[in-house]
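Structural overview
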Amino acid sequence: MNGMADASVLARAPGRTLGGMVPDPALLAPAQETELIRADGRPQPAFRDRLRAIPSWRNAWSVVSVWAQTVAIVGLAVWWGNPVGYVLAFLLMGRTQAQLAALMHEAAHRLLFANRRSNDFVARWFLGYPSFTSTDAYRRVHMAHHRQEFGPDEPDIPLYAGYPITGASFRRKLVRDGTGRTGFGLFREQLAGFRSRDARVRRRLVKILVVQAVLLGAAVAGRVWWVYPVFWVAPFLTVWRVINRLRSIAEHGGMDASHDRRATTHTVHQSWWARSVLVPFHIGWHLAHHVDAGVSMRHLPEYHRALCDAGYVTADLEYPGYRALWRALRAGTPA
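Scoring rules and cut-offs
- Residues numbered from 1 in each chain as written.
- Predicted model: local features only at pLDDT ≥ 70, side-chain atom pairs only at ≥ 80, totals over all residues.
- Heavy atoms only, no water.
- Helix = DSSP H or I, 4+ residues; strand = E, 2+ residues; numbered from the N terminus.
- Expected span 1.5 Å × (residues − 1).
- Buried < 20%, exposed > 50% of the residue type's maximum accessible area, 1.4 Å probe, protein only.
- Contact = heavy atoms within 4.5 Å.
- pLDDT = per-residue confidence, 0-100.
- Polar contact = N/O pair within 3.5 Å; in protein donor to acceptor, adjacent residues only side chain to side chain.
- 1 Å grid on protein atoms, 1.4 Å probe; cavity = no way out; pocket = protein on both sides within 12 Å on 5 of 7 lines; lining within 4 Å.
- Points joined across faces, edges and corners; volume = space filled by probe spheres on them.
- Nonpolar A, V, L, I, M, F, W, Y, C, P; charged D, E, K, R; others polar.

Focus on helix 6 (residues 135–147)
- Between its terminal C-alpha atoms helix 6 stretches 18 Å, which fits the 18 Å expected from 13 residues at 1.5 Å a residue.
- If you check which residues of helix 6 are buried, you get T135, D136, R139, H142, A144, H145 and H146.
- Residues of helix 6 that are buried in the fold lie against helix 4 (83–108), helix 5 (116–128), helix 7 (157–160), helix 10 (199–221), helix 12 (239–252) and helix 14 (286–291).

What follows is the structure in structure tokens.
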């Protein structure tokens, strides 16, 4: 069942190999068809309809709660005025960026709100632009990723290729992320969009900067202008980049093109700390998401349980935690 990566994909990642983490084909037996799950892991029609229901009001509360949490974290840090509080706020704001990204991901699939206009408006102005991201541009790239993981249009081959890597290489990547080198490099590339001949690119950059100006203006109005660069921009360029890499490689690092999603996407047991910090809003059930990308994030845990009950996901395929998977992603280190 394991397919070969398209030659054009490998050409985009010269010298980098794919498939170093793909499970043994013997572990990829078809699921036992049940009243909920088909042999290929996809949900049966009635179950699929239930899984794809969009709880708009619950999702709206999630958006509001993330922004309320943001105000509370920054406000408490400023009120306390203690260096320990500043460090905690700095780290927690990286987690906030992860939460905004997870909700934007849901909106990119048009699963955040049942009403499409509301979905896209909130995704742009309250999730994407505040995090220096165009939701519309992200959606186009992300849909290419879902059409065929590791296919000819896969946007993230350099991020996923080459695993398992050495421990030294793993550390270098995290140091680049944690010190802001990765973030600043990507930020410079983004600002270069002002020279783009595509007016849409320039307009989106203007909208991003308008929202950033509003955030800075709120900090200035509160007489704490410094919280914008310290608690918003800096965590985005550092803490969030580390979280993003650790999550991304845990999703697809070392996998390969295949019709079987178990050969393209890792599955990891979801602990409370991971759900809180690394993979908020159920995005950690990533294999289930790739088997059926139309399933609402709220229903991914239920879908995952059904996949396990049907034998599509087995104990031999599921890593016991993210630390175990990260160890396996480093060459020569057992999982």
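Back to the text.
Brief notes about the confidence of the model for the protein chain
- Per-chain confidence: the protein chain averages 93 in pLDDT, with 94% of residues scoring 70 or above.
- Here residues 1–15 is modelled with pLDDT under 50, and outside its nearest four sequence neighbours on either side it reaches 37 contacts, counting other chains as well.

Observations regarding helix 4
- Between its first and last C-alpha atoms helix 4 spans 37 Å; for 26 residues at 1.5 Å apiece the expected length is 38 Å, and the two agree.
- Where helix 4 starts, the residue carrying a side-chain oxygen 2.7 Å from the main-chain nitrogen of V84 turns out to be N82.
- A positive phi of about 60 degrees marks R110, the residue just after helix 4.

Focus: empty space enclosed by the protein
- Scanning the entire structure with this criterion turns up two cavities of 30 Å³ or more.
- Space inside the largest cavity adds up to approximately 50 Å³.
- What lines the largest cavity is R247, A250, E251, H266, V268, V279, G284, H286 and Y322.
- Tallying contributions element by element places helix 12 first for the lining of the largest cavity, with three residues.
- Here the second largest cavity defines a volume of roughly 40 Å³.
- Around the second largest cavity sit H105, E106, I283, H286, H289, V295, M297 and L300, which together line it.
- Of the residues contributing to the lining of the second largest cavity, the split by class is four nonpolar, three polar and one charged.

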